Amino acid sequence: MIKLWNYKKSFQHNRYTLSNSMSLVLAITLFILLTAPASAINLEEGVTIPIIAAYSTMEGESGVLLNATVIVTEGNGHVFVDTQPYTQVDLQGSARMATLVASDITGIDPTRHDFYFIIEVTSPIISGPSAGAPLTVAAIADIENWQLNDGVVMTGMINPDGSIGPVGGIPYKLDAAAQHGTSLFIVPEGQINVVITEKTIVRKWDIVAVEEKTIEVDLVERGQELNVEVVEAITIEDAVELFTGHGIHRSEPPIGVWSAEYLDVLRPLGRNVLDEANQLYLVAVNETTQFSSTLEIQKVLLERGQEQYDEQQYYAATNTGLFVLNNLKFILWWEEYSNNKDQDEYLNNLYQTVSLEVNQSRREVERFKEEGVKDVDGVGAAEIRVVMAEQLLADARSTETEIDYVKTLALASMRAETVLWWLSLVNTDHTTDDDMLKDRAGWYVGTASSVVTYARTVISESDSMHGLSGLLDEADVSLDRAVIEYERGYYSGAIYDSLLAYVQASTAISLMGYSDVGTKIQRSADAARVSIEESRNAGIEPVLAVSAYEYADSLETPSQQIVEYNYARVLAKTTLQLTTVSNVSHSVVSATPIPLKTVCPTQTPTPTPAPQVPAEDGLDVPGFPIPSGILAVFAIAVLLRR
């Protein structure tokens, strides 16, 4: 076994600093070839597709036509990108995104397949976002064993939802494609007409100047002059049909997502949380002299929560109740602090009380998992909230004011309480193998890291950071938390936080240059409903996915709505995959494993010192055969020395 002692530190470092050394790329490729089984890949197989790129020169932009061969085999979720010479990191990100979308479209499990991308690159300055869509088409064609039509060329980013994203330099790419006998040129939606800046070098005596002129180009007209038909593709399914003639079946989304089973699971939780919030509200009204206006707002929120409950929006009602409970806890604690003679002692005792709650929530998760992970959804959500509560507890120590200190502790306390809520929702006796979860969690964390890095690279290079940096920052937080969960052995939580990071970063990518946000929201919601229905057709009730969908319905910020709808989609698909590969039957349990708590708002746990969390040694990585391993290491050393 090889022990990676500094896994977290190196992992976070690698997310932001990827080497541009060609020697390292060659070394890693050689390592893979030396340590992989000899029969792992047949290079004569696969699908070869033309990809078109644009690059800048002193005289202006030019286009170049390249070839890419994509091979999909059974494997372990690896993505290999081979280019000569080395290209920019966003080409590798495009390849990773292509594997995820192709797997999604065809229904294969990406963790059980290997993807090989062999790309002929004639210039090291060529980048890769515009290759994403054609690489995805080739991957789908190879999986389905379809032939590509001759004379078809495409440019476009691939977005995680399967839509084709905008790219630059299209007129120059069209010119280059026409020179190679292209008859059909596919562009992203909305890019039939593009604006470009033409540069002209003007020399007068010894002075050289560059003049720029902005012009609008009608690509259909330009294509007609070049004997090339130019068409738009909205989704990757459209592009596949244009390339292969094969249509991909698109399931019609069901009208709603709420099933009787889902409502039966969420109903008691919503009722319990609202009852607790109402009782705590009465306590706050009778015992506090401050925050009268804030208490009025809580009353309005409680009425809204009851309306949501009556409308069978149980998860929304639970969230409303949670928000009110958090606010009321703060109000009551601040009142006690203000009236306490020894305020420092009160704050210390309060910290110990919340520490006890957080530690208790951690112990409940461990107790619940003693006989195996039952219901990855519920356990994953509980594990995530344990880590959230611990982080908030630590954050309280660094707050600058007493009021922020109390607010943070109140939030930590509520996060700890939601751990039990999620465990109470577990409604199956389905047990998932822990080793399988660990392998999956490692794959998801690595994939999310690649996508987050890719998103930052693509968005920063396109000058589109405005309005999208917030999503990328949220993705960083989710990914950091996933790493902590993986190291802790919270593999279910690591999977779902990695998925959240992936969705947050990929949503930022899909919104680049996209103006019709309403259509994007609708497509995301439709795709989520389809995935939820597929899970139910397999006999699985994806509670976490439906909860995310319901939460999205309650949001007003478009980007956050898209994130939650996309999260619901990938949650449903992942829950289905995890249940399928574990080979354990799914059935409903008649009794709730952990009873919902009895409402006792006036009771306070006796404070005790919080036990220390044991430090993790790191991540175990399976070893490789000694002879080939030694040879590979030697080869890497030689190449790096050069």
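The coordinates are above.
Keep in mind the model is a prediction, meaning the values are calculated, not measured.

**Q** I'd like a rundown of the pairing of strand 9 (residues 184-188), residues and numbers included.
**A** Along strand 9, five of the five residues are buried, which leaves the element largely enclosed by surrounding structure. Pairing analysis gives three bridges linking strand 6 (residues 152-154) to strand 9, with the strands arranged parallel. Bridge pairing in strand 9 places valine 153 opposite phenylalanine 185.

**Q** Describe the layout of surface pockets, and please don't skip the residues or the numbers.
**A** By volume, the second largest pocket is sized at about 1,400 Å³. Lining the second largest pocket are 47 residues; nearest its centre among them are Asp104, Ile105, Ser531, Arg569 and Lys573. Among the secondary structure elements, those contributing two or more residues to the lining of the second largest pocket are helix 3 (89-106), helix 14 (434-461), helix 16 (491-510), helix 17 (517-537) and helix 19 (558-581). Take the lining of the second largest pocket: its biggest share by element is nine residues, from helix 19. Considering only residue class, the lining of the second largest pocket consists of 18 nonpolar, 16 polar and 13 charged.

**Q** Before we move on, can you summarise unusual backbone geometry with the specific residues and values?
**A** The phi dihedral of phenylalanine 291 is positive, around 60°, even though this residue is not glycine. Counting through the fold element by element, phenylalanine 291 comes out in the loop between helix 8 (260-287) and helix 9 (292-310). Non-glycine residue glutamine 312 carries a positive phi angle of around 65°.

**Q** Before we move on, could you go through helix 14 and cite the residues and values that matter?
**A** Between the first and last C-alpha of helix 14 there are 40 Å, a value that for 28 residues agrees with the 40 Å anticipated at 1.5 Å per step. For helix 14, the N-terminal capping position is held by aspartate 433, with its side-chain oxygen 3.2 Å away from the main-chain nitrogen of aspartate 435.

**Q** Go over the pattern of salt bridges, please, and point to the residues and values.
**A** Close approach of charged atoms lets side chains of opposite charge pair. For the coordinates displayed, the defined rule picks out 21 salt bridges. Residue lysine 573 is joined to aspartate 104 by a salt bridge in which the shortest nitrogen-to-oxygen separation is 2.9 Å. You can see lysine 573 sitting in helix 19 and its partner aspartate 104 sitting in helix 3, a full 469 residues away along the chain. Across the pair arginine 456 and aspartate 473 runs a salt bridge, and its minimum N-O distance is 3.0 Å. With arginine 456 in helix 14 and aspartate 473 in helix 15 (residues 469-488), this pair connects stretches of sequence that are 17 residues apart. Judged by relative accessible area, aspartate 473 falls into the partly exposed class, the value being 42%. If you follow the salt bridges from partner to partner, you end up with Asp104, Glu534, Arg569 and Lys573 in one network.

**Q** So, the side chain of aspartate 497: which residues are in play, and what are the values?
**A** With respect to the helices and strands, the residue aspartate 497 is situated in helix 16. Look past the residues within four positions of aspartate 497 in its chain and what remains in contact with it is Ile384, Ser478, Arg481, Ala482 and Glu485.

What counts and what doesn't
Residues numbered from 1 in each chain as written. Predicted model: local features only at pLDDT ≥ 70, side-chain atom pairs only at ≥ 80, totals over all residues. Heavy atoms only, no water. Buried < 20%, exposed > 50% of the residue type's maximum accessible area, 1.4 Å probe, protein only. Helix = DSSP H or I, 4+ residues; strand = E, 2+ residues; numbered from the N terminus. Pairing = 2+ DSSP bridges. 1 Å grid on protein atoms, 1.4 Å probe; cavity = no way out; pocket = protein on both sides within 12 Å on 5 of 7 lines; lining within 4 Å. Points joined across faces, edges and corners; volume = space filled by probe spheres on them. Nonpolar A, V, L, I, M, F, W, Y, C, P; charged D, E, K, R; others polar. Expected span 1.5 Å × (residues − 1). Polar contact = N/O pair within 3.5 Å; in protein donor to acceptor, adjacent residues only side chain to side chain. Salt bridge = Lys/Arg side-chain N within 4 Å of Asp/Glu carboxyl O. Contact = heavy atoms within 4.5 Å.

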